[in-house]
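Observations on the three-dimensional arrangement
Read off the chains here:
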Amino acid sequence: MTQTITVIRGDGIGPEIMDATLYVLDALDTGLQYEEADAGLVALEKHGELLPAATMDSIRRNRVALKSPLTTPVGEGFSSINVELRKRFDLYANVRPAKSFPNTKSRFPMGVDLITVRENTEGAYIGEGQSLSEDGDTAILMQKVTRRGSERIVRYAFDLARSAGRKKVTVVHKANILKSTSGLFLKVAREVAQRYPDIQCNEMIVDNCCMQLVMKPEQFDIIVTTNLFGDIISDLCAGLVGGLGLAPGANIGTEAAIFEAVHGTAPDIAGKGLANPCALLLGVVQMLEHLGQLDNARRLREAIVATLEAKDSLTPDLGGEGNTMSFAKAIATRL
Ligand code: NAI
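Residues numbered from 1 in each chain as written. Predicted model: local features only at pLDDT ≥ 70, side-chain atom pairs only at ≥ 80, totals over all residues. Heavy atoms only, no water.

**Side note on the nonpolar core**
Leu-66, Val-224, Met-287, Leu-300 and Ile-331 are the most contacted members of the largest nonpolar core, which has 63 residues in total. Looking at this core, the element that brings in the most residues is helix H9 (residues 278-290), giving 8 residues. The two domains that each donate at least three residues to this core are domain 1 (1-100 + 244-335) and domain 2 (113-240). In contact with Val-224, other than residues within four places in its own chain, are Val-117, Ile-153, Val-154, Ala-157, Val-169, Thr-170, Val-171, Val-172 and Phe-185. Of all hydrophobic cores here, the second largest spans 16 residues; its members include Val-112, Cys-209, Leu-213 and Cys-237. (Core = buried A, V, L, I, M, F, W, Y, C linked by side-chain atoms within 4.5 Å. Buried < 20%, exposed > 50% of the residue type's maximum accessible area, 1.4 Å probe, protein only. Helix = DSSP H or I, 4+ residues; strand = E, 2+ residues; numbered from the N terminus. Domains from an automatic or database assignment. Contact = heavy atoms within 4.5 Å.)

Take a look at the structure:
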């Protein structure tokens, strides 16, 4: 049966990196059909809403989407479109691999190979219960962490460790200070860890974790943490392996999965052909693995690595003089 995926071209550099990504995907001969759907600023301009019903229907039907970054308009009355997508499809696991690549500007030439598993539907990042006092002097935000939410994300991390042949899961928290929310997350994580005696487990307070990541990233294998900590840690990890241009992310739920780049719409370089398409292409690697196309996933990853090794047509963020499309073409020739 032919698999159709929903394709969201996004805002800013989104359309450029999606064109480049689909060029490479076509060369891979995956048999995938694309169904385009609008979201974000483009959708607001065309349809008067950030997340049209037709887009939701498309993702619900196809169960797999490839998404370029979307602008979250700053201003009252708008929710974050990315958070909204994660909430509406209950995409509870945000899986962000960070692996060293050759010829990047990373401080760690090789040796980083870790995955951040971030809870995607709860905690401070969701922005629940936000209010500002009438005098504008006091702001309040509610944080909710549940046993169910904690349990399923920690289980996801341990199951991933097993299926991906990983050895260790590090539970990252701030339970010493945030005793209720982070405390519950840690308590549940300890309970879940006991059911996986074959996987090593350790605990780390988030501030120490940030320092350890910068000093000795090779000690990490899989990190599991709550939403906001995961958001920050995964950008830190992207920095360890050469920047946001090389960092993909998968948002996984039971009914749908959305694959994307970790980075945003990069308005400073949009429309200039300077954007690195690799993060979205690495999102495609995750998507192909999710779809069981393991051989195609491996071929695409190897072609990306070979192109980086050859320093062929790299974009300026990687020190090259190529552009978005020339980089993609150089990757496609190596498939
Ligand atoms: P950003 O990730 O768009 O940009 C940060 C820096 O990284 C910029 O200097 C940019 O030029 C560079 N950069 C990002 N992607 C790159 C690429 N592929 N190649 C080369 N350089 C790249 O973060 P920023 O500026 O904080 O956010 C801009 C907008 O993106 C905001 O509206 C934000 O809400 C949105 N955003 C959307 C996300 C999503 O859709 N998943 C994720 C993060 C931000």
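On we go.
**Quick look at empty space enclosed by the protein**
With the rule as written, the count across this model stands at 1 cavity of 30 Å³ or more. Taken together, Lys-67, Asn-82, Leu-85, Arg-86, Leu-91, Asn-251, Ile-258 and Glu-260 make up the full set of residues lining the largest cavity. Residue assignment for the lining of the largest cavity shows that the elements contributing at least two residues are helix H4 (81-88) and strand S12 (257-261). When residues in the lining of the largest cavity are grouped by element, the largest group, 3 residues, is from H4. Among the residues making up the lining of the largest cavity, the classes are represented as 3 nonpolar, 2 polar and 3 charged. (1 Å grid on protein atoms, 1.4 Å probe; cavity = no way out; pocket = protein on both sides within 12 Å on 5 of 7 lines; lining within 4 Å. Points joined across faces, edges and corners; volume = space filled by probe spheres on them. Nonpolar A, V, L, I, M, F, W, Y, C, P; charged D, E, K, R; others polar.)

**What to know about the layout of surface pockets**
Roughly 570 Å³ of volume is contained in the largest pocket. Elements supplying a minimum of two residues to the lining of the largest pocket: strand S4 (93-99), strand S5 (113-119), helix H5 (147-163), strand S11 (248-252), H9 and helix H10 (294-310). In terms of residue count, H9 provides more of the lining of the largest pocket than any other element does, 5 residues in total. Here the lining of the largest pocket is built from residues that sort into 16 nonpolar, 4 polar and 6 charged. The residues that make up the lining of the largest pocket include at least three from each of domain 1 (1-100 + 244-335) and domain 2 (113-240). When residues of the lining of the second largest pocket are traced back to their parent elements, those giving at least two are H4, helix H8 (227-240) and S12. Per-element accounting of the lining of the second largest pocket gives the leading share, 3 residues, to H4. Classifying every residue of the lining of the second largest pocket gives 7 nonpolar, 7 polar and 7 charged.

**A word on the packing of helix H1 (residues 14-28) against H9**
Following both chains from N to C, one finds H1 and H9 inclined at 45 degrees, their axes separated by 9 Å at the closest point. As the angle between them shows, H1 and H9 are arranged oblique. Viewed along their axes, H1 and H9 form a crossing whose handedness is right-handed. In this structure, H1 contributes Ile-17, Met-18, Thr-21, Val-24, Leu-25 and Leu-28 to the contact, and H9 contributes Leu-280, Leu-281, Val-284, Met-287 and Leu-288. Within the contact of H1 with H9, the residues separate by chemical class into 10 nonpolar, 1 polar and no charged. (Axes fitted to C-alpha atoms, helices over the stretch in contact; angles between N-to-C directions. Parallel < 35°, antiparallel > 145°, perpendicular 65-115°, else oblique. Left-handed = near helix turned anticlockwise from the far one by under 90°.)

**Brief notes about the pattern of salt bridges**
Side chains bearing opposite charge may pair, as long as their charged atoms lie close to each other. This structure, assessed with the given rule, holds 24 salt bridges. For Glu-260, the salt bridge identified is with Lys-67, shortest N-O distance 3.0 Å. Taken together, the residues span a long stretch of sequence, with Glu-260 in strand S12 and Lys-67 in strand S3 (residues 64-67) at a distance of 193 residues. As far as the burial class goes, Glu-260 and Lys-67 line up, both buried. The residue Glu-203 makes a salt bridge to Arg-190 at a minimum N-O spacing of 2.7 Å. One end of the pair, Glu-203, is in strand S9 (residues 200-205); the other, Arg-190, is in helix H6 (residues 181-193), with 13 residues separating them in the sequence. Classification of Glu-203 by relative accessible area gives partly exposed; the value is 36%. Overlapping salt bridges, with partners in common, bring together Lys-99, Asp-113, Arg-166 and Asp-221 in one network. (Salt bridge = Lys/Arg side-chain N within 4 Å of Asp/Glu carboxyl O.)

**Here we look at the site of the ligand**
Surrounding the ligand, one finds 20 residues, the nearest of these being Leu-70, Asn-82, Gly-264, Ala-266 and Asp-268. The contact in question runs from a nitrogen atom of the ligand to an N or O atom on the side chain of His-263, over 3.2 Å. Looking at the shell around the ligand, its residues break down into 9 nonpolar, 7 polar and 4 charged. (Near = heavy atom within 4 Å. Polar contact = N/O pair within 3.5 Å; in protein donor to acceptor, adjacent residues only side chain to side chain.)

**Considering the sheet that holds strand S1 (residues 4-8)**
Across the sheet, which stays open at both edges, the 10 strands sit in the order S2-S1-S3-S12-S11-S4-S5-S10-S8-S9 with mixed pairing between neighbours. Where the open sheet ends on each side, the last strands, each with one partner, are strand S2 (33-36) and S9. The mean angle between the axes of side-by-side strands here comes to 25 degrees, regardless of whether they run parallel or antiparallel. Here H1 sits on the sheet in contact with S1, S2 and S3, set at roughly 130 degrees to S3. Contacts from H5 reach S4, S5, strand S8 (168-173), S9, strand S10 (222-225) and S11, with the element oriented near 160 degrees to S5. (Pairing = 2+ DSSP bridges.)

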